[in-house]
Amino acid sequence: MDSRLLVDAREFWASLRSDLARARRRAFIQTFTFEGDRVGAALGRALRLCEARDRRLLVDGYSLLVHNDRVIVGPAWARRRFRREVFHTHAWVARLRGRGVGVRFSNPVGPAPTRLVRRNHKKLVVVDDAVYLGGINFSEHNFAWHDMMIRLESPDLADRLAQDFDASWQGRPTTMDEVIGPVRLISLNGRGNARGFDPVVAAITSATRSIDVQSAYLSPPFTRHLVEAAGRGVAVSVLTPADNNKANLGHHIVESARGHPVRVLHQSGMSHLKAMVIDGELLIAGSSNFDAMSYHILEELIVVSSEPRIVDEYRRRVWAPDCAASRAPRGSRGLRSRLGDLAVRAGARVARLLARH
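Cut-offs used in this document
- Residues numbered from 1 in each chain as written.
- Predicted model: local features only at pLDDT ≥ 70, side-chain atom pairs only at ≥ 80, totals over all residues.
- Heavy atoms only, no water.
- Helix = DSSP H or I, 4+ residues; strand = E, 2+ residues; numbered from the N terminus.
- Rg over C-alpha atoms; globule rule 2.2 N^0.38 Å.
- Buried < 20%, exposed > 50% of the residue type's maximum accessible area, 1.4 Å probe, protein only.
- Contact = heavy atoms within 4.5 Å.
- Areas by Shrake-Rupley, 256 points an atom, 1.4 Å probe, with all protein chains shown as cover.
- Lys, Arg positive; Asp, Glu negative; His and termini not counted.
- Charge placed at Lys NZ, Arg CZ, Asp CG, Glu CD.
- Salt bridge = Lys/Arg side-chain N within 4 Å of Asp/Glu carboxyl O.
- Axes fitted to C-alpha atoms, helices over the stretch in contact; angles between N-to-C directions.
- Parallel < 35°, antiparallel > 145°, perpendicular 65-115°, else oblique.
- Nonpolar A, V, L, I, M, F, W, Y, C, P; charged D, E, K, R; others polar.
- Pairing = 2+ DSSP bridges.

Draft legend 1. How the structure looks around the overall build of the chain. Regarding its fold elements, the chain presents 13 helices and 17 strands. The C-alpha radius of gyration computed for the chain amounts to 20 Å, which stays within 12% of the reference 21 Å derived for 357 residues, consistent with globular compactness. Within the chain, the fraction of its 357 residues that count as buried is 59%. Counting contacts in the chain only where the partners sit at least 6 residues apart, residues at least 24 apart contribute 76% of the total. Per element, the accessible surface of the chain, about 15,200 Å² overall, is 52% carbon and sulfur. For the chain, the centre of its 54 positive side-chain charges and the centre of its 37 negative side-chain charges are spaced 7 Å apart.

Here it is as structure tokens:
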């Protein structure tokens with residue numbers, strides 16, 4: 001199985017654009033957000049020109065409610081540029097449908113709390129026999145963030161993930177836990193996620209030497225498991241952005257580590273990258289942020305691999321340089337930090353309650 005780690009949007013888009021230009025059978029793209037900015041327009045043009053027989057774009061209904069991290073029906077609507085981007089998004093949807101590209105919005109938003117938060121958080125691309133898994137969405141602000149995708153080429157893997165895509169396309173997302181070649185694929189449908197995360201939790205609890213984590217949104221129960229691992233002598237390091245777009249989660253990560261032998265490092269800028277390496281030998285990546293929402297109610301795709309080449313490439317191209325450019329958190333504990341931590345812990349309890357409905 002051919003595998004490549006694509007670090008940041010420039011590498012990802014160059015590879016995907018090339019694959020779409022060569023595609024003949026299928027081009028399936030599943031994303032949490034799709035926006036009518038320069039990034040969305042570039043994807044739209046590539047899909048419109050793609051000669052694959054079956055072209056489909058599946059976007060979570062979140063994009064009909066939130067644009068550029070701002071609620072559409074809110075203060076941002078007063079800005080002309082914001083309104084234009086929203087209009088361009090719908091215009092691109094119409095153009096693509098007019099050129100034979102299937103476009104659907106999954107998980108319609110409703111008034112009930114569960115209809116609001118049950119989102120399809122997967123980022124998946126299947127182009128002929130190549131697949132992409134990771135965390136990058138199709139919008140300018142997402143492309144500007146530090147992130148990564150893993151490209152794998154395998155007919156069996158592509159066929160299986162095409163089935164997963166089609167299930168979501170039909171509005172009937174399924175669960176999966178299968179080993180295909182050197183990777184283990186875990187697909188979560190937002191119901192019974194805690195059981196689906198058992199292999200990830202087991203990897204954390206069985207670690208003997210080290211756990212290295214990158215995530216902006218790390219939260220319970222993962223922070224608890226990491227603290228417990230550190231307590232039994234495992235070297236736990238967490239790399240997270242200093243300029244977190246969700247400040248409370250940034251506070252929670254720092255507060256969770258306080259008083260425990262957990263090393264927290266801050267990266268400059270915003271990183272949306274999520275990955276975990278256990279004992280230097282097992283890489284866990286994909287769409288999950290290792291947070292309460294993923295653990296309880298979001299639809300996610302997780303890839304687990306002990307293939308040395310994949311693990312070594314991540315450590316060499318991502319972990320090592322990111323750590324070298326990071327620093328310890330600055331400042332002492334303050335009220336804002338404590339309140340942010342409490343808010344995240346309360347949100348995790350709410351997510352657990354909503355998972356029951």
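Draft legend 2. Structural context of the pattern of salt bridges. Within this structure, the stated rule accounts for 22 salt bridges. Between Arg345 and Asp341 there is a salt bridge, with its nearest N and O atoms 3.1 Å apart. Highlighted residues: Arg345 and Asp341, both in helix H13 (residues 335-354), separated by four residues, approximately one helical turn. Among the charged side chains, a network of salt bridges with common partners joins Asp2, Asp19, Arg22, Arg151 and Glu153.

Draft legend 3. Local environment of the packing of helix H8 (residues 198-205) against helix H9 (residues 222-231). It is the contact of H8 with H9, at a shortest axis distance of 9 Å, that shows an interaxial angle of 25°. Classified by the angle their axes make, H8 and H9 are roughly parallel. Between H8 and H9, the residues in contact are Val200, Val201, Ile204 and Thr205 and Phe222, His225, Leu226 and Ala229, respectively. Looking at the contact of H8 with H9 residue by residue, the classes come out as six nonpolar, two polar and no charged.

Draft legend 4. Examining the pairing of strand E10 (residues 176-180) more closely. Strand direction decides the pairing type here: E10 and strand E11 (residues 183-189), joined by five bridges, are antiparallel. Looking at E11, one finds that Ile180 is bridged to Val183. From the end of E10 to the start of E11, which pair antiparallel, there are two residues, and Gly181 there has a positive phi angle of about 65°.

Draft legend 5. Just unusual backbone geometry, in detail. With an omega dihedral of 5°, the bond running from Pro220 to Pro221 counts as a cis peptide bond. Tracing the chain through its elements places Pro221 in the loop between strand E12 (210-214) and H9. Residue Asn68 is not a glycine yet carries a positive backbone phi of 55°. Within the secondary structure layout, Asn68 lies in the loop between strand E4 (66-67) and strand E5 (70-71). Classification of Asn68 as partly exposed rests on a relative accessible area of 24%. With phi around 60°, Phe290 is a residue other than glycine that occupies positive phi space. Tracing the sequence through the fold places Phe290 in the loop between strand E16 (282-286) and helix H11 (292-296). Accessibility expressed as a relative area gives 2% for Phe290, which makes it buried.

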